[in-house]
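A look at the structure
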Amino acid sequence: MSFAEPKALIAEGDTVILYLTVTSVYAIEAVPQIKNKKGELIEHVFQTNFGALKVKDIIGVQYGSKVELSKGWAHVLQPNPELWTQTLPHRTQILYTPDISMILYQLEIKPGSIVVESGTGSGSLSHYFLRAIRPHGFLHTFDFHEERVQKAQDEFNGHGLGEYVKVIHRDVCENGFGEELNGKADAVFLDLPAPQLAIPHAAKVLKDAGGRICSFSPCIEQSGRVCEALEQYGFVDIVNLEVLQIEDVVRTKSIPVMDLEFVKYKKNESDKETKTPKEVKKYITSSAPTTMAGHTGYLTVAELPPLFAR
Ligand SMILES: C[S@@+](CC[C@H](N)C(=O)[O-])C[C@H]1O[C@@H](n2cnc3c(N)ncnc32)[C@H](O)[C@@H]1O
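These figures come from a predicted structure and were not determined experimentally.

The environment of the ligand is formed by 23 residues, the closest being Asp143, Arg148, Asp171, Val172 and Asp191. Gly123 is positioned such that a nitrogen or oxygen atom in its backbone is 3.3 Å from an oxygen atom of the ligand. Asp191 is positioned with one of its side-chain polar atoms (N or O) 2.9 Å from a nitrogen atom of the ligand. Against a free-state accessible area of 600 Å², the protein chains account for coverage of 92% of the ligand. Counting only elements with at least two residues in the shell around the ligand, the list comes to α3 (124-133) and α5 (172-175).

Here it is, written out as structure tokens:
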């Protein structure tokens with residue numbers, strides 16, 4: 001239940017983030033015992049590069065504390081969508097924070113929003129929708145893979161988010177989102193291999209006037225098909241975006257301080273060099289890196305105008 005509200009202490013059953021370093025971050029369930037491969041109950045001991053953690057020792061500990069491992073230490077943190085994306089069990093390809101920030105912004109997601117999503121996949125994006133729409137909004141998320149549907153619903157319930165989301169088992173390209181949602185959604189998000197087939201159904205569930213849609217496409221050909229379908233079904237303001245993250249490289253550079261006496265003295269070529277600049281100043285500089293994180297996908301966004309304008 002550790003996602004729903006800020007908490008002081010780790011309770012049994014919480015999902016807890018074990019933070020060792022920037023690149024060693026894990027999600028663990030705070031239960032004293034787990035089942036082994038033979039189905040027997042054994043003590044829950046979590047192994048890390050800095051040694052083992054007896055998970056029973058963190059129950060009752062304050063979130064944010066430093067805890068001892070057998071060969072070092074780590075911090076125990078309350079999970080949030082950003083940390084969950086870094087640590088969640090991958091059942092599919094997932095979306096990451098840079099694209100997700102743009103999706104939330106472009107779809108104008110806010111408390112109270114009614115959102116329709118497909119596919120649910122590993123629920124990475126869904127956790128951000130759930131944080132943004134609570135306490136009055138609702139997420140209807142669809143996937144045609146039955147096991148993923150069950151796992152996602154169990155995860156949302158376990159995270160204390162069950163009352164804000166329903167995971168529905170359906171092929172949305174074939175069967176749409178269901179008549180009961182017609183005209184109800186503020187936003188639709190698609191992360192599907194053939195999203196163009198879901199666009200006629202998306203046009204039905206979006207609220208008349210102002211409903212926003214966004215579709216993630218790994219390649220430009222797919223986003224081209226999405227643009228054509230959006231146009232055909234009356235969407236306007238169609239924009240294709242790519243989010244590329246550039247990390248600033250911050251370095252300290254040493255630069256010699258200009259010595260005017262020295263410059264003057266060196267004016268004539270025949271002058272013999274007798275002085276050298278002595279003082280060197282250190283500056284913190286920032287520059288673009290030589291390489292960049294690669295392409296993830298294109299975000300095609302559009303809006304549904306009022307019925308009379310379509
Ligand atoms: C790439 S994953 C989505 C990942 C998700 N955005 C996340 O951040 O975790 C795509 C999902 O779409 C589902 N899917 C593909 N085609 C579908 C369809 N026609 N109807 C419903 N779900 C579909 C797949 O089963 C898969 O789980």
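Before going further, it helps to spend a moment on the environment of Leu88. Summarising the element assignment, Leu88 is placed in the loop between α1 (81-87) and α2 (97-106). Exposure remark for Leu88: the relative accessible area of 5% places this residue in the buried category. Along the primary structure Leu88 and Tyr164 are separated by 76 residues, whereas in three dimensions their C-alpha atoms are 20 Å apart. Excluding residues within four positions of it along the chain, Leu88 makes contact with Ile94, Ser122 and Ser124.

Residues Ile103, Leu107, Ile109, Phe129, Leu130 and Phe189 are the most contacted members of the largest nonpolar core, which totals 31 residues. The dominant element in this core, judged by the number of residues it contributes, is α3, at five residues. Beyond its immediate chain neighbours, meaning those up to four positions away, Ile109 contacts Leu104, Val115, Phe129, Ala132, Ile133 and Ala187. Core analysis: the next-biggest nonpolar cluster, separate from the first, contains 23 residues, Ala198, Val205, Leu206 and Leu304 among them.

As a further point, take the sheet that holds strand β9 (residues 114-118). In sheet architecture, strand pairing relies on hydrogen bonds along the backbone and comes in two forms, parallel and antiparallel. One open sheet holds the seven strands; their spatial order is β11-β10-β9-β12-β13-β17-β14, and the pairing between them is mixed. Every interior strand has two partners, whereas the edge strands, β11 (165-169) and β14 (236-242), have only one. Here the average twist between neighbouring strands, direction ignored, is 15°. Across the face of the sheet, α3 comes into contact with β9, β10 (138-143), β11 and β12 (187-190) while running at roughly 165° to β10.

Let us now look at the side chain of His140. By the element assignment, His140 lies in strand β10. For His140, a relative accessible area of 15% translates into the label buried. If we skip the residues at most four places from it in the chain, His140 touches Ile114, Val115, Val116, Glu117, Lys166, Ile168 and Leu181.

This part takes up the domain arrangement of the protein chain. Many descriptions give the size of an interface as the accessible area lost when the pieces come together. Splitting the protein chain by domain gives domain 1 (15-79) and domain 2 (85-244 + 293-309). The straight-line distance from the C-alpha centre of domain 1 to that of domain 2 is 33 Å.

Summed over all chains, the structure comprises four aromatic pairs. Each ring, one from Phe142 and one from Phe177, has its centre 5.1 Å from the other, and the planes form 75°; the classification is edge-to-face. Residue Phe142 is found in strand β10, and its partner Phe177 is found in the loop between α5 and β12; the two are separated by 35 residues along the sequence. The ring of Trp73 has Lys66 lying over it, and the distance from NZ or CZ to the ring centre is 4.0 Å.

This brings us to the sheet that holds strand β7 (residues 66-69). Within the open sheet, the four strands sit side by side as β2-β1-β8-β7. Their pairing is antiparallel. Of all the strands in the sheet, just β2 (24-29) and β7 have a single pairing partner and so form its edges. This sheet shows a mean twist of 35° between the axes of neighbouring strands, independent of strand direction. The pairing of strand β1 (residues 15-21) with strand β8 (residues 72-77) spans three bridges and is classified as antiparallel. Bridge pairing in β8 places Tyr19 opposite His75.

Let's shift gears to the pairing of β1. Taken across its seven residues, β1 has five buried, putting it largely inside the fold. The pairing of β1 with β2 spans six bridges and is antiparallel. Its bridge partner lying in β2, Ile17 is registered against Ala27.

Cut-offs used in this document
- Residues numbered from 1 in each chain as written.
- Predicted model: local features only at pLDDT ≥ 70, side-chain atom pairs only at ≥ 80, totals over all residues.
- Heavy atoms only, no water.
- Near = heavy atom within 4 Å.
- Polar contact = N/O pair within 3.5 Å; in protein donor to acceptor, adjacent residues only side chain to side chain.
- Areas by Shrake-Rupley, 256 points an atom, 1.4 Å probe, with all protein chains shown as cover.
- Helix = DSSP H or I, 4+ residues; strand = E, 2+ residues; numbered from the N terminus.
- Buried < 20%, exposed > 50% of the residue type's maximum accessible area, 1.4 Å probe, protein only.
- Contact = heavy atoms within 4.5 Å.
- Core = buried A, V, L, I, M, F, W, Y, C linked by side-chain atoms within 4.5 Å.
- Pairing = 2+ DSSP bridges.
- Axes fitted to C-alpha atoms, helices over the stretch in contact; angles between N-to-C directions.
- Domains from an automatic or database assignment.
- Phe/Tyr/Trp six-rings, centres within 6.5 Å; stacked < 30°, edge-to-face > 60°.
- Lys NZ or Arg CZ within 6 Å of the ring centre and 35° of its normal.

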